Amino acid sequence: MKKKLHFNSNTIHGGQEPDKAYGAVMPPIYQTSTYAQTTPGGHQGFEYSRTHNPTRQALEKSLASIEAGKFGFAFGSGLAAMDAVLKLLKPGDEIISTDDLYGGSYRLFTKIFEDFGLKFHFVGMDNSQKIEKFINSKTKLLWVETPTNPMMNIIDIKSITTLAKTHGIMVAVDNTFASPYLQQPLTLGADIVMHSATKYLAGHSDVVLGSLVVKDEELAERIGFIQNASGAICGPMDSFLTLRGIKTLHVRMQRHCENAAAIAHFLKKHSKIEKVYWPGFEEHPNHGVAKAQMNDYGGMLSFVTRGGDYNAAVKIIESLKLFTLAESLGGVESLAGHPASMTHASIPKELREKSGVVDSLIRLSVGIEDVRDLIEDLKQAIG
Ligand code: P1T
């Protein structure tokens with residue numbers, strides 16, 4: 001039994017041990033659907049790869065460890081992981097979700113699960129009273145995304161879990177933007193932490209994968225049952241890539257944060273920039289919460305140009321040479337996106353604009369390149 005390690009060691013060693021067959025330090029990619037049995041039920045803990053796979057299991061143990069949980073579950077995508085959480089609920093149950101969130105999450109809630117009788121309320125979660133107004137006996141889940149995608153609002157996880165506990169409501173936190181390097185929601189009282197591991201965890205824009213981590217054994221049993229029964233699992237190759245990515249999470253995140261901070265300050269001083277959304281600024285409305293809750297401010301930021309519109313935003317994005325115009329985030333390379341027409345296009349315009357996702361908004365996923373090159377690129381694109 002290894003002694004309790006610090007986070008920066010857990011990313012490498014958490015839940016890991018050399019492979020039992022030949023001592024391979026990295027788990028082999030067990031590219032198999034099934035496992036030989038000596039007699040019906042006579043196997044070595046693995047029967048069929050939807051249920052268990054040794055490579056996926058190594059990843060799931062790592063996920064549980066870095067999120068300070070006990071049980072990890074890996075899925076084919078972040079949305080598949082969310083789908084499994086929603087399947088814990090029953091028709092008639094109500095969910096209160098943050099009103100600024102990934103467009104695909106909103107689409108899953110409203111276009112799939114509303115048809116199965118779940119009711120969603122989208123609420124600004126900057127203070128508990130706003131949430132409390134929507135709580136009733138049918139409320140079963142609070143869905144928290146923090147920092148929010150793409151407006152970089154910060155939600156106080158501890159105050160939400162404290163409120164939820166008094167009402168016996170489960171709290172799930174989408175920790176994709178922060179990663180456990182910056183915050184571990186389970187230590188703040190959340191019941192479930194979810195990731196689009198596609199992003200910072202895998203970190204190299206080469207895999208789509210999702211995860212859930214919990215502490216509670218009974219909840220873990222229910223999620224494990226859904227994972228196997230619904231079957232939205234990830235394959236062994238993607239599990240391997242994500243596990244490999246996690247091993248450098250802490251060094252990548254440190255550079256993501258440093259680079260994003262430098263870019264946020266550069267943009268803030270630029271005469272053509274109207275507003276920069278980045279929680280590290282003291283004037284950010286939730287800066288105090290960010291400072292207390294997170295170890296740093298992350299690698300994401302959004303901004304709008306002065307008097308800018310759709311065309312102005314597109315002109316900048318198209319002029320960027322080092323930043324790639326693309327969906328997704330959290331990889332080593334810098335990406336620029338236009339939320340209104342890309343990642344958040346599935347949210348109705350009126351609702352989207354209410355939370356700040358206007359046509360002139362540009363989102364940056366700041367990579368780990370030399371920040372001088374990134375700033376040069378922004379300089380020439382903004383003009
Ligand atoms: O793409 P997938 O792995 O299924 O994860 C969905 C998801 C869930 N939660 C958050 C906060 C996300 O950002 C995402 C995916 N987001 C993008 C693809 C994006 O560019 O914002």
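Computed from a predicted structure; not experimentally measured.

Chemist: Would you take a moment to explain the layout of surface pockets for this structure?
Modeler: A probe as big as a water molecule, rolled over the atoms, marks out the empty space that is left. Counted as a void, the largest pocket has a volume near 880 Å³. Taken together, 32 residues line the largest pocket, and the ones lying closest to its centre are Gly15, Lys61, Ala64, Ser65 and Lys70. At the level of elements, α1 (7-13), α2 (54-66), β1 (71-75) and α7 (217-230) are the ones that each hand at least two residues to the lining of the largest pocket. The greatest single-element share of the lining of the largest pocket, amounting to six residues, is contributed by α2. Taken together, the residues that form the lining of the largest pocket break down as eight nonpolar, 16 polar and eight charged. Asp19, Lys20, Tyr30, Phe46 and Pro54 are the residues nearest the centre of the second largest pocket, which is lined by 17 residues in total. Residues belonging to the lining of the second largest pocket are distributed by class as follows: nine nonpolar, four polar and four charged.

Chemist: Just to check I follow, could you spell out the sheet that holds strand β4 (residues 139-145) for this structure?
Modeler: Strand pairing in a sheet takes place through backbone hydrogen bonds and is either antiparallel or parallel in direction. With mixed pairing, the seven strands of this open sheet are ordered in space as β1-β7-β6-β5-β4-β2-β3. Strand pairing shows two members of the sheet lacking a second neighbour, β1 and β3 (119-123), which therefore form its edges. Taken pair by pair, the neighbouring strands of this sheet meet at an average axis angle of 20 degrees, ignoring direction. Pairing of strand β2 (residues 94-98) with β4 involves four bridges; the strand directions are parallel. Note on β4: the bridge partner recorded for Glu94 is Thr139. Where α2 meets the sheet, it contacts β1 and β7 (210-214), and its direction lies at approximately 125 degrees from that of β1.

Chemist: Is there a simple way to explain a positive patch on the surface in this structure?
Modeler: On the surface, a cluster of positive charge is made up of Lys70, Lys158, Lys165 and Lys215. Examined against the element boundaries, Lys215 turns out to sit in the loop between β7 and α7.

Chemist: Teacher, can you tell me more about the sheet that holds strand β10 (residues 324-325) here?
Modeler: One open sheet holds the five strands; their spatial order is β8-β9-β12-β11-β10, and the pairing between them is mixed. The two strands at the open ends of the sheet, each matched to only one other strand, are β8 (273-277) and β10. As defined by bridge partners, strand β9 (residues 300-305) adjoins strand β12 (residues 361-365) across five bridges and the pair is classed as antiparallel. Opposite Met300, over in β12, you have Ser365 as the bridge partner. Running at roughly 10 degrees to β9, helix α9 (residues 249-269) makes contact with β8, β9 and β12 of the sheet. In the packing of helix α11 (residues 310-319) onto the sheet, the strands contacted are β9, β10, β11 (335-337) and β12, and the crossing angle to β12 comes to about 25 degrees.

Chemist: How should I be thinking about the packing of α9 against helix α13 (residues 371-382) in this particular structure?
Modeler: The contact between α9 and α13 brings their axes to 10 Å, and the two run at 30 degrees. By the angle between their directions, the pair α9 and α13 is classed as roughly parallel. For the pair α9 and α13, the crossing hand works out as right-handed. Within the contact between the two elements, α9 uses Asn259, Ala262, Ile263, Phe266 and Leu267 and α13 uses Val371, Leu374, Ile375, Leu378, Lys379 and Ile382.

Chemist: I keep staring at the site of the ligand and nothing clicks. Help me out?
Modeler: With respect to spatial proximity, 18 residues lie near the ligand, and among them Asp174, Thr198, Lys199, Ser328 and Arg363 are the closest. One of the backbone N or O atoms of Gly78 is found 2.9 Å from an oxygen atom in the ligand. Within the backbone of Leu79, an N or O atom sits 2.9 Å from an oxygen atom of the ligand. With the chains in place, 93% of the 480 Å² that the ligand exposes on its own is no longer accessible. At the level of secondary structure, the elements contributing two or more residues to the shell around the ligand comprise α3 (78-86) and β6 (192-196). For the shell around the ligand, the class distribution of residues is five nonpolar, eight polar and five charged. Each of domain 1 (7-246) and domain 2 (249-382) gives at least three residues to the shell around the ligand.

Chemist: Teacher, can you tell me more about the nonpolar core here?
Modeler: The nonpolar side chains of a soluble globular protein tend to be buried with one another. Judged by nonpolar contacts, the single largest core of 84 residues is most densely connected at Ile263, Leu267, Val276, Trp278, Leu301 and Leu364. Top element by residues in this core is α9. It accounts for nine residues. Looking at this core, you find at least three residues from each of domain 1 (7-246) and domain 2 (249-382). Core analysis: the second largest hydrophobic core is formed by 31 residues, Leu88, Phe109, Phe113 and Ile347 among them.

Conventions used here
Residues numbered from 1 in each chain as written. Predicted model: local features only at pLDDT ≥ 70, side-chain atom pairs only at ≥ 80, totals over all residues. Heavy atoms only, no water. 1 Å grid on protein atoms, 1.4 Å probe; cavity = no way out; pocket = protein on both sides within 12 Å on 5 of 7 lines; lining within 4 Å. Points joined across faces, edges and corners; volume = space filled by probe spheres on them. Helix = DSSP H or I, 4+ residues; strand = E, 2+ residues; numbered from the N terminus. Nonpolar A, V, L, I, M, F, W, Y, C, P; charged D, E, K, R; others polar. Pairing = 2+ DSSP bridges. Axes fitted to C-alpha atoms, helices over the stretch in contact; angles between N-to-C directions. Contact = heavy atoms within 4.5 Å. Patch = residues over 30% accessible without salt bridge, like charges linked within 9 Å, V, L, I, M, F, W, Y side chains within 5 Å. Areas by Shrake-Rupley, 256 points an atom, 1.4 Å probe, with all protein chains shown as cover. Salt bridge = Lys/Arg side-chain N within 4 Å of Asp/Glu carboxyl O. Lys, Arg positive; Asp, Glu negative; His and termini not counted. Charge placed at Lys NZ, Arg CZ, Asp CG, Glu CD. Parallel < 35°, antiparallel > 145°, perpendicular 65-115°, else oblique. Left-handed = near helix turned anticlockwise from the far one by under 90°. Near = heavy atom within 4 Å. Polar contact = N/O pair within 3.5 Å; in protein donor to acceptor, adjacent residues only side chain to side chain. Domains from an automatic or database assignment. Core = buried A, V, L, I, M, F, W, Y, C linked by side-chain atoms within 4.5 Å. Buried < 20%, exposed > 50% of the residue type's maximum accessible area, 1.4 Å probe, protein only.

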